[in-house]
Amino acid sequence: MGDITQILQAVEQGENSAERLLPLVYGELRRLAAHKMAHEAPAQTLQATALVHEAWLRLVGADNPKFEGRAHFFAAAAEAMRRILIDNARRKRALRHGGSLQRVDIQEVEVAARADEEQLLAIHEALDKLAVEDKVAAELVKLRYFVGLTIPEAAEILGISETTASRNWTFARTWLYHEIKNQSR
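First, a word on scope: everything that follows refers to the structure included in this document. (Residues numbered from 1 in each chain as written. Predicted model: local features only at pLDDT ≥ 70, side-chain atom pairs only at ≥ 80, totals over all residues. Heavy atoms only, no water.)

Digging into the pattern of salt bridges
Where charged atoms of side chains with opposite charge meet at close range, the side chains can pair.
At step 1: The full count for this structure, using the stated rule, is 9 salt bridges.
At step 2: Of the charged contacts in the structure, one is a salt bridge between Asp128 and Arg82, with a shortest N-O distance of 3.0 Å. Of this pair, Asp128 sits in helix α5 (residues 116-133) while Arg82 sits in helix α4 (residues 70-93), and the two are 46 residues apart along the sequence.
At step 3: Among the residues examined, Asp128 registers a relative accessible area of 38% and is labelled partly exposed.
At step 4: A single salt-bridge network, built from bridges that share partners, covers Glu79, Arg82, Arg83, Asp128, Glu139 and Lys142. (Salt bridge = Lys/Arg side-chain N within 4 Å of Asp/Glu carboxyl O. Helix = DSSP H or I, 4+ residues; strand = E, 2+ residues; numbered from the N terminus. Buried < 20%, exposed > 50% of the residue type's maximum accessible area, 1.4 Å probe, protein only.)

Set out below in structure tokens:
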């Protein structure tokens, strides 16, 4: 059993071992968050480090968190990062934060913020519907889109073959495309 799994079991049993877990997973969580943040809008105020820290607090900040192993921990991390990005997009879209107004860079007289928040929220809503249809495909999308894992990495975490993951990825992308297209009508 790996170090991460042993520490997760100790945390589940109530031991205060979370501080031993952080050095083991921080690098990988930081890499995944940086990959995801690289695809965000240029005016993004949330940084990869902040995303990792917020996700960490949500994961181990709860009373007696329960993880069934490394795969479950990283799946929970993907979900936490997804929810943080969704909350951030909703916050930015709120009227008191400018709502749908676009920021203008005076130096370049170009729009600095893109409409990525709208796309992110559309994906979030469609992803919830996909989870009802196919939970594994929805989890795969979370790991690929919100965390930036490759097909082999996501397949390992989900405990499925790369072929199945690839097939689910194709299905999920097609399903989400049609769902988002129907939402915009």
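Some remarks on the packing of helix α3 (residues 48-60) against α4
At step 1: The interhelical angle for the contact between α3 and α4, taken along N-to-C directions, is 120°, at an axis separation of 9 Å. As for the relative orientation of α3 and α4, their crossing is right-handed in sense. Contacts between α3 and α4 pair Leu51, Val52, Glu54, Ala55, Trp56, Arg58 and Leu59 from the former with Phe73, Ala76, Ala77, Ala80, Met81, Arg83, Ile84, Leu85 and Asp87 from the latter.
At step 2: Residue composition of the contact of α3 with α4, by class: 12 nonpolar, no polar and 4 charged. (Axes fitted to C-alpha atoms, helices over the stretch in contact; angles between N-to-C directions. Left-handed = near helix turned anticlockwise from the far one by under 90°. Contact = heavy atoms within 4.5 Å. Nonpolar A, V, L, I, M, F, W, Y, C, P; charged D, E, K, R; others polar.)

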